[in-house]
Amino acid sequence: MTDRRLLLVHAHPDDESIVTGATMAKYAAEGAEVTLVTCTRGEEGEIIPPELAHLGPHRDDTLGEYRIGELDKACLALGVRDHRLLGGPGRYRDSGMMGASTNDRPGCFWQADTEEAAHQLATVIREVRPQVVVTYDSNGGYGHPDHIQAHRVTVRAFEKAHERALPGTPWQARKLYAIAQPQSLLEESAERLQRNPGPFTAPRSPDDLSPGTPDGLVAARIDASAHWAAKALAMRAHATQISVEGELFALSNGIAQEIRAVEHFTQIAGAAVRRGPDGFETDLFA
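Procedures and definitions
The written sequence of each chain sets the order in which its residues are numbered from 1. Totals for whole chains, interfaces and linings use all residues, but because this is a predicted model, local features are given only for residues with pLDDT of at least 70 and pairs of side-chain atoms are given and counted only at 80 or more. With hydrogens and water excluded, all non-hydrogen atoms of the structure serve as input to the side-chain values. Secondary structure counts use DSSP, requiring at least four H or I residues in a row for a helix and at least two E residues in a row for a strand, with both numbered from the N terminus. Burial status follows relative accessibility: with a 1.4 Å probe on protein chains alone, a residue under 20% of its type maximum counts as buried, one over 50% as exposed, and anything between as partly exposed. The pairing test for Phe, Tyr and Trp rings, Trp by its six-membered ring, is centres within 6.5 Å, and the orientation test on the planes gives stacked under 30 degrees, edge-to-face over 60, and tilted for anything in between. Only Lys NZ and Arg CZ are tested; either one counts as a charge over a ring when it is within 6 Å of the ring centre and within 35 degrees of the ring normal. In these notes, a set of buried Ala, Val, Leu, Ile, Met, Phe, Trp, Tyr and Cys residues joined through side-chain atoms within 4.5 Å is what counts as a nonpolar core. In this description, contact between two residues means that some pair of their heavy atoms is separated by no more than 4.5 Å. The definition used for a disulfide is geometric: two cysteine sulfur atoms within 2.5 Å. Here the rule is simple: two strands pair whenever DSSP picks up at least two bridges between them. To define axes, lines are fitted to C-alpha atoms, for helices over the stretch in contact only, and angles between the resulting N-to-C directions are given on a 0 to 180 degree scale. UniProt positions are given in the numbering used here, feature names are shortened, and annotations may be inferred rather than shown by experiment. Contacts described as polar in this section are N or O atom pairs within 3.5 Å, which, within protein, must combine one atom able to donate a hydrogen with one able to accept it, while residues neighboring in sequence count only if both atoms come from side chains. Under this scheme an angle from 65 to 115 degrees is roughly perpendicular, one under 35 degrees roughly parallel, and one over 145 degrees roughly antiparallel; angles in between are oblique. Classification convention: Asp, Glu, Lys, Arg as charged; Ala, Val, Leu, Ile, Met, Phe, Trp, Tyr, Cys, Pro as nonpolar; all other residues, Gly among them, as polar. Here, a salt bridge means any Lys or Arg side-chain nitrogen found within 4 Å of an Asp or Glu carboxyl oxygen.

## What about unusual backbone geometry?
Right, on to step 1. Despite not being glycine, Asp 14 has its phi angle at roughly 110°, a positive value.
Right, on to step 2. Looking at the element boundaries, Asp 14 is found in the loop between β1 (5-10) and α1 (15-29).
Right, on to step 3. Residue classification places Asp 14 among the buried residues on the basis of a relative accessible area of 7%.
Right, on to step 4. Positive phi, normally seen in glycine, also occurs at Arg 129, with a value near 60°.

## Overview of the packing of aromatic side chains
Right, on to step 1. Enumeration over the complete set of coordinates arrives at three aromatic pairs.
Right, on to step 2. Arranged with centres 5.2 Å apart and planes meeting at 80°, the rings of Tyr 27 and Phe 285 form a pair that is edge-to-face. Separated by 258 residues along the polypeptide, Tyr 27 in helix α1 and Phe 285 in the segment after β10 (262-270) bring together distant segments of the chain.
Right, on to step 3. We note Lys 26 situated over the ring of Tyr 27; from NZ or CZ to the ring centre the distance is 5.6 Å.

## Observations regarding the nonpolar core
Right, on to step 1. Core analysis: the biggest nonpolar cluster contains 61 residues, and Leu 6, Leu 7, Phe 109, Leu 121, Val 134 and Leu 284 have the highest contact counts within it.
Right, on to step 2. Among the elements that make up this core, the one with the highest residue count is helix α3 (residues 114-128) (seven residues).
Right, on to step 3. Discounting residues that sit within four places of it in the chain, Leu 6 has contacts with Tyr 27, Glu 33, Val 34, Thr 35, Pro 130, Val 132, Val 134, Leu 284 and Phe 285.
Right, on to step 4. The next biggest cluster of nonpolar side chains, apart from the first, holds nine residues, and it includes Leu 186, Leu 193, Phe 200 and Ala 256.

## Remarks on the state of the cysteines
Right, on to step 1. Evaluation of the coordinates by the stated rule reveals zero disulfides.
Right, on to step 2. Cys 108 provides the cysteine sulfur closest to Cys 39, a residue in no disulfide bond, and the two sulfurs are 12 Å apart.
Right, on to step 3. Looking at Cys 75, it has no disulfide partner, and the nearest cysteine sulfur is the one in Cys 39, 14 Å off.
Right, on to step 4. Overall, the relative accessible area of 1% leaves Cys 75 in the buried class.

## Some thoughts on the sheet that holds strand β5 (residues 175-180)
Right, on to step 1. With mixed pairing, the seven strands of this open sheet are ordered in space as β3-β2-β1-β4-β5-β10-β6. The open sheet has two free edges, formed respectively by β3 (82-85) and β6 (220-223), since each of these has just one partner strand. Across the sheet, the mean angle from the axis of one strand to that of its neighbour is 25°, orientation sign disregarded.
Right, on to step 2. The sheet contact formed by β1 and strand β2 (residues 33-38) spans six bridges and is parallel. Directly across from Leu 6, in β2, lies its bridge partner Val 34.
Right, on to step 3. Against the sheet, helix α2 (residues 62-78) makes contact with β2 and β3, and its axis sits at roughly 160° relative to β3, the strand it touches most.

## Focus: the UniProt feature "binding site: Zn(2+)" (unreviewed entry) in the protein
Right, on to step 1. Within the UniProt annotation, "binding site: Zn(2+)" (unreviewed entry) is assigned to His 12, Asp 15 and His 147. Their sequence span is 136 residues, while the largest C-alpha to C-alpha distance among them is just 9.6 Å; these annotated residues converge on one region.
Right, on to step 2. Within the element layout of this structure, His 12 appears in the loop between β1 and α1.
Right, on to step 3. Note on His 12: relative accessible area 4%, which makes it buried.
Right, on to step 4. With residues near it in sequence (within four places) discarded, His 12 still touches Thr 38, Thr 40, Gly 42, Arg 67, Asp 94, His 144, Asp 146 and His 147.
Right, on to step 5. At 3.4 Å, the side chain of His 12 and the side chain of Asp 94 are in polar contact.

## Quick notes on the packing of α2 against helix α6 (residues 228-237)
Right, on to step 1. Contact pair α2 / α6: the axes reach a minimum separation of 8 Å and the direction vectors enclose 170°. Taken together, the axis directions place α2 and α6 in an arrangement best described as roughly antiparallel. Each of Glu 70, Lys 73, Ala 74, Ala 77 and Leu 78 in α2 lies in contact with α6, whose residues at this interface are Ala 230, Lys 231, Leu 233, Ala 234 and Ala 237.
Right, on to step 2. Split by residue class, the contact of α2 with α6 holds seven nonpolar, no polar and three charged.

## Here's the deal with the pattern of salt bridges
Right, on to step 1. A full pass over the atoms with the stated rule returns 19 salt bridges.
Right, on to step 2. One salt bridge in this structure joins Asp 283 and Arg 4, with 3.9 Å as the shortest N-O distance. Here Asp 283 is found in the segment after β10, whereas its partner Arg 4 is found in the segment before β1, with 279 residues between them in sequence.
Right, on to step 3. Taking the shortest distance from any N to any O, the salt bridge between Glu 159 and Arg 156 comes out at 3.0 Å. Here Glu 159 and its partner Arg 156 are both found in helix α4 (residues 145-163), three residues apart, which amounts to about one turn of the helix.
Right, on to step 4. Given a relative accessible area of 39%, Glu 159 falls into the partly exposed group.
Right, on to step 5. One connected set of salt bridges, linked through shared partners, spans Arg 41, Glu 43, Glu 44, Asp 61, Arg 93 and Arg 105.

Below is the structure:
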């Protein structure tokens, strides 16, 4: 078994590629064991290509099953061999955007019992024994209920995995990180995209791209530029959700975004961050 193990918890198929794809590809290529846990099958996702419109509306599991096929292809592109659905296929359903009626549907992830879901995730954590766990911040990045729930479940599972660790075992998950979008980088990206949005709509402001993380809170900067192509290929695999054109992509809102292979994280818990001369940790396993 490799001595470096990374576990990531994401809400839907496609999230892993958009915000952590380069990091996943980098560590997988370096020989680390990378495990992806996806909490739902993304049944409420908005379908972009007209030729795939037959997969909706979302009255059954057709879209969810299709998106798992997309996830398989994305993981292949990233070199990730271990990807799982929390609780098994169909255990938790996509809750839809915040405020949607689907937030109240029994069986959706937003309505999941946090302790029960955390127990299932903690079981995976104890099996995989990662030194590093990655998920979202307390706002889920941009306020999606499934992202918020993924944060809550992961934080609790991180705690539970330690509570139930076997006596005498030297292992512990040493660090828990959250995905970050540094405010300064969003501002720079928005300026570039306003000048050249490609075939997409230019963002009016950085807020159109993502809620920003104050630069001072960003703990780690992972330069996975050598794996940009793997990330782009993984994003292309999620054709129902992502349009990719050259170095840009857009979600269902059509707003241009840059495909970036330098990814950032804040720390939620664990061992102290070891910052380098540039002020960032450059290896999640440091």
